[in-house]
Amino acid sequence: MLLHIVARGRIGRGPEAELVERYLKRVGWPTRVTELPDTGGKLPAVEPGTRLILLDEKGDQPGSIAFAERLGRWRDEGVREVRFMLGAADGFGDAERAGADWLIAFGRMTWPHLMARAMLAEQLWRATSILSGHPYHREG
(Lines give C-alpha, C1' and ligand atoms only; values in the text may rest on other atoms or scores of the structure.)
Protein backbone atom coordinates (compact mmCIF):
# COMPACT_ATOMS: atom_id res chain seq x y z
CA MET A 1 0.00 0.00 0.00
CA LEU A 2 1.38 3.36 -1.03
CA LEU A 3 1.67 6.06 1.64
CA HIS A 4 1.43 9.31 -0.32
CA ILE A 5 1.94 12.76 1.22
CA VAL A 6 0.50 15.60 -0.88
CA ALA A 7 1.53 18.92 0.63
CA ARG A 8 1.02 22.56 -0.25
CA GLY A 9 4.27 24.49 -0.12
CA ARG A 10 7.84 23.57 -0.90
CA ILE A 11 9.96 22.20 1.91
CA GLY A 12 13.31 22.97 0.25
CA ARG A 13 16.52 21.78 1.86
CA GLY A 14 16.67 22.27 5.57
CA PRO A 15 16.35 20.46 8.88
CA GLU A 16 12.64 19.72 8.35
CA ALA A 17 13.33 18.18 4.93
CA GLU A 18 16.07 16.05 6.47
CA LEU A 19 13.66 14.79 9.14
CA VAL A 20 11.02 13.89 6.57
CA GLU A 21 13.58 12.10 4.44
CA ARG A 22 15.09 10.28 7.43
CA TYR A 23 11.76 8.91 8.62
CA LEU A 24 10.39 8.02 5.18
CA LYS A 25 13.57 6.03 4.44
CA ARG A 26 12.78 3.90 7.50
CA VAL A 27 9.21 3.10 6.41
CA GLY A 28 9.07 -0.40 4.98
CA TRP A 29 6.15 0.43 2.68
CA PRO A 30 6.21 2.40 -0.57
CA THR A 31 6.07 6.16 -0.01
CA ARG A 32 5.74 9.21 -2.22
CA VAL A 33 5.78 12.94 -1.55
CA THR A 34 4.10 15.37 -3.94
CA GLU A 35 4.64 19.07 -3.36
CA LEU A 36 2.26 21.66 -4.78
CA PRO A 37 2.50 25.45 -4.80
CA ASP A 38 0.60 27.28 -2.07
CA THR A 39 -2.17 27.99 -4.59
CA GLY A 40 -3.02 26.28 -7.84
CA GLY A 41 -1.11 23.35 -9.16
CA LYS A 42 -2.54 20.08 -10.34
CA LEU A 43 -3.45 17.49 -7.72
CA PRO A 44 -2.47 13.95 -8.66
CA ALA A 45 -5.45 11.92 -9.86
CA VAL A 46 -7.19 9.91 -7.18
CA GLU A 47 -7.27 6.32 -8.34
CA PRO A 48 -9.87 3.79 -7.20
CA GLY A 49 -8.88 2.16 -3.93
CA THR A 50 -7.47 5.37 -2.46
CA ARG A 51 -8.24 6.56 1.07
CA LEU A 52 -7.99 10.28 1.66
CA ILE A 53 -6.76 11.63 4.99
CA LEU A 54 -6.72 15.37 5.61
CA LEU A 55 -4.51 16.83 8.30
CA ASP A 56 -6.97 19.31 9.73
CA GLU A 57 -7.36 21.17 13.00
CA LYS A 58 -10.92 19.80 13.28
CA GLY A 59 -9.78 16.20 12.93
CA ASP A 60 -9.59 13.28 15.31
CA GLN A 61 -6.53 12.97 17.51
CA PRO A 62 -5.76 9.25 17.39
CA GLY A 63 -2.95 7.69 19.34
CA SER A 64 -0.15 5.98 17.47
CA ILE A 65 -1.62 2.51 17.96
CA ALA A 66 -5.07 3.56 16.68
CA PHE A 67 -3.42 5.24 13.70
CA ALA A 68 -1.42 2.08 12.96
CA GLU A 69 -4.50 -0.11 13.33
CA ARG A 70 -6.44 1.98 10.80
CA LEU A 71 -3.59 1.79 8.29
CA GLY A 72 -3.28 -1.95 8.91
CA ARG A 73 -7.01 -2.48 8.38
CA TRP A 74 -6.92 -0.57 5.10
CA ARG A 75 -3.85 -2.53 3.98
CA ASP A 76 -5.62 -5.81 4.79
CA GLU A 77 -8.72 -4.66 2.89
CA GLY A 78 -6.62 -4.15 -0.24
CA VAL A 79 -6.50 -0.36 -0.26
CA ARG A 80 -3.94 0.67 -2.88
CA GLU A 81 -3.04 4.15 -1.61
CA VAL A 82 -3.51 6.23 1.50
CA ARG A 83 -3.13 9.87 0.57
CA PHE A 84 -2.31 12.37 3.31
CA MET A 85 -3.25 15.93 2.40
CA LEU A 86 -1.56 18.93 4.04
CA GLY A 87 -3.37 22.08 2.98
CA ALA A 88 -2.29 25.64 2.50
CA ALA A 89 -2.14 28.17 5.34
CA ASP A 90 -5.94 28.48 5.48
CA GLY A 91 -6.46 24.72 5.65
CA PHE A 92 -9.38 22.95 4.03
CA GLY A 93 -12.95 23.98 3.32
CA ASP A 94 -16.08 22.13 4.33
CA ALA A 95 -16.44 20.45 0.92
CA GLU A 96 -12.89 19.09 1.09
CA ARG A 97 -13.46 17.84 4.64
CA ALA A 98 -16.68 16.13 3.59
CA GLY A 99 -14.84 14.25 0.82
CA ALA A 100 -12.19 12.83 3.13
CA ASP A 101 -12.17 9.34 4.60
CA TRP A 102 -10.60 10.62 7.82
CA LEU A 103 -9.61 13.94 9.34
CA ILE A 104 -6.71 13.85 11.75
CA ALA A 105 -4.98 16.53 13.82
CA PHE A 106 -1.71 16.68 15.71
CA GLY A 107 -3.47 18.45 18.54
CA ARG A 108 -5.38 21.70 18.59
CA MET A 109 -2.31 23.92 18.45
CA THR A 110 -1.24 25.37 15.15
CA TRP A 111 1.84 23.69 13.67
CA PRO A 112 3.98 25.02 10.83
CA HIS A 113 3.43 22.96 7.70
CA LEU A 114 7.06 21.89 7.62
CA MET A 115 6.83 20.53 11.16
CA ALA A 116 3.50 18.84 10.44
CA ARG A 117 5.06 17.08 7.48
CA ALA A 118 7.97 15.88 9.63
CA MET A 119 5.57 14.70 12.37
CA LEU A 120 3.48 12.84 9.79
CA ALA A 121 6.57 11.10 8.38
CA GLU A 122 7.56 10.05 11.90
CA GLN A 123 4.07 8.69 12.62
CA LEU A 124 4.09 6.73 9.35
CA TRP A 125 7.38 5.14 10.39
CA ARG A 126 6.00 4.45 13.87
CA ALA A 127 2.77 2.95 12.50
CA THR A 128 4.53 0.63 10.09
CA SER A 129 6.92 -0.39 12.88
CA ILE A 130 3.99 -1.21 15.16
CA LEU A 131 2.32 -3.22 12.39
CA SER A 132 5.50 -5.19 11.74
CA GLY A 133 5.53 -6.31 15.37
CA HIS A 134 8.24 -4.00 16.65
CA PRO A 135 7.71 -3.45 20.40
CA TYR A 136 6.02 -0.14 21.09
CA HIS A 137 7.30 1.38 24.33
CA ARG A 138 4.05 3.25 25.06
CA GLU A 139 1.81 0.21 24.78
CA GLY A 140 0.17 -0.95 27.96
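Read on for a plain summary of the structure. (Residues numbered from 1 in each chain as written. Predicted model: local features only at pLDDT ≥ 70, side-chain atom pairs only at ≥ 80, totals over all residues. Heavy atoms only, no water.)

### Topic: the overall build of the protein chain
Stated formally: The helix and strand labels rest on DSSP assignments: H or I over at least four residues marks a helix, E over at least two residues marks a strand, and numbering proceeds from the N terminus. Only C-alpha atoms enter the radius of gyration; for comparison, a globular chain is expected to reach 2.2 Å times N to the power 0.38, where N is the number of residues. Each residue is placed in one exposure class: buried if its accessible area under a 1.4 Å probe, protein chains only, is under 20% of its type's maximum, exposed if it is over 50%, and partly exposed if it falls in between. Residue contacts follow a heavy-atom distance rule, with two residues in contact if any of their heavy atoms lie within 4.5 Å. Shrake-Rupley sampling with a 1.4 Å probe provides the accessible areas, and residues are treated as covered by the protein chains on show and by no other component. Counted as positive: Lys and Arg. Counted as negative: Asp and Glu. His and the chain ends are not counted at all. Lysine's charge is taken at NZ, arginine's at CZ, aspartate's at CG and glutamate's at CD.
In terms of helices and strands, the protein chain carries four helices and five strands. In sequence order, the secondary structure elements of the protein chain are arranged as β-α-β-β-α-β-α-β-α. At 14 Å, the protein chain has a C-alpha radius of gyration in line with the 14 Å of a compact globule built from 140 residues. Its C-alpha atoms give the protein chain principal-axis dimensions of roughly 40 × 35 × 30 Å. The buried share of the protein chain, taken over its 140 residues, is 44%. Across the protein chain, the fraction of contacts at a sequence separation of at least 24, relative to all contacts at a separation of at least 6, is 88%. In the form shown here, the protein chain has an accessible surface area of approximately 8,000 Å², with 50% of it arising from carbon and sulfur atoms. On the protein chain, the mean spot of the 20 positive side-chain charges and the mean spot of the 19 negative ones are 3 Å from each other.

### Re the packing of aromatic side chains
Selection criterion: By convention, a stacked pair of Phe, Tyr or Trp rings (six-membered ring in the case of Trp) has centres within 6.5 Å and planes under 30 degrees apart, an edge-to-face pair has planes over 60 apart, and any other such pair is tilted. Geometrically, a charge over a ring is one whose NZ (Lys) or CZ (Arg) sits within 6 Å of the ring centre while staying within 35 degrees of the ring normal.
With the rule as written, the count across this model stands at four aromatic pairs. Each ring, one from W74 and one from W102, has its centre 6.3 Å from the other, and the planes form 90°; the classification is edge-to-face. Linking W74 in helix α2 (residues 64–76) with W102 in strand β5 (residues 102–104), this pair joins segments that are 28 residues apart in sequence. Overall, the relative accessible area of 7% leaves W74 in the buried class. Clustering of aromatic rings is evident, with ring pairs tying together F67, W74, F84 and W102. For the cation-ring pair, R26 lies above W125, with the distance from its terminal atom to the ring centre recorded as 5.3 Å. The ring of W102 is capped by R70, whose NZ or CZ atom sits 3.8 Å from the centre of that ring.

### Some remarks on the pairing of strand β1 (residues 2–8)
Worth spelling out the cut-off: We call a crossover right-handed when, viewed with the strands running away from us, the connection from the first strand over the helix to the second turns clockwise.
Burial within β1 is extensive, with seven of its seven residues counted as buried. Alternating positions in β1 separate into two faces, L2, H4, V6 and R8 on one and L3, I5 and A7 on the other, with burial throughout. On the question of chirality, the crossover connecting β1 to the parallel strand β2 (residues 31–36) by way of helix α1 (residues 15–26) is right-handed.

### A look at a nonpolar patch on the surface
Under the convention used in this document: Each patch is built from salt-bridge-free residues with over 30% relative accessible area, joining like charges within 9 Å and nonpolar side chains (Val, Leu, Ile, Met, Phe, Trp, Tyr) within 5 Å. Salt bridges are identified by distance alone: a Lys or Arg side-chain nitrogen within 4 Å of an Asp or Glu carboxyl oxygen.
Side chains of M109, W111 and M115 sit close together on the surface and give an oily, nonpolar patch of about 320 Å² of accessible area. Inspection of the secondary structure assignment puts W111 in the loop between β5 and α4 (113–131).

### A word on the nonpolar core
Nonpolar side chains in soluble globular proteins generally cluster together in the buried interior. Stated precisely, the cut-off is as follows: In plain words, nonpolar cores are sets of buried Ala, Val, Leu, Ile, Met, Phe, Trp, Tyr and Cys residues tied together by side-chain atoms within 4.5 Å.
Membership of the largest hydrophobic core comes to 30 residues, with the highest contact counts inside it found for L71, V82, F84 and L124. For this core, the secondary-structure elements that each account for two or more residues are β1, α1, β3 (50–60), α2, β4 (81–86), β5 and α4. When residues of this core are assigned to their parent elements, the largest contribution, seven residues, is made by α4. Not counting residues up to four positions away in its chain, the partners in contact with L71 are M1, W29, V82, F84, L124, A127 and L131. Counting seven residues, the second-largest nonpolar core is a separate cluster that includes V6, L54, A100 and L103.

### Concerning the packing of α1 against α4
Put simply, the test is: Inter-axis angles, ranging from 0 to 180 degrees, are taken between N-to-C directions of lines fitted to C-alpha atoms, where helices are fitted over the stretch in contact. Note on angle classes: values under 35 degrees are labelled roughly parallel, values over 145 roughly antiparallel, values of 65 to 115 roughly perpendicular, and the remainder oblique. Note on convention: near helix rotated counterclockwise from far helix by under a right angle means a left-handed crossing. Clockwise means right-handed. Side-chain classes are defined by residue name, with Ala, Val, Leu, Ile, Met, Phe, Trp, Tyr, Cys and Pro counting as nonpolar, Asp, Glu, Lys and Arg as charged, and the others, Gly among them, as polar.
Running from N to C, α1 and α4 cross one another at 15°; their axes reach a closest spacing of 8 Å. Here α4 runs roughly parallel to α1, going by the angle between their axes. Crossing of α1 against α4: the hand is left-handed. In this structure, α1 uses E16, L19, V20, Y23, L24 and R26 to contact α4, whose residues at the interface are L114, M115, R117, A118, A121, E122, L124 and W125. Here the contact of α1 with α4 is composed, by residue class, of ten nonpolar, no polar and four charged.

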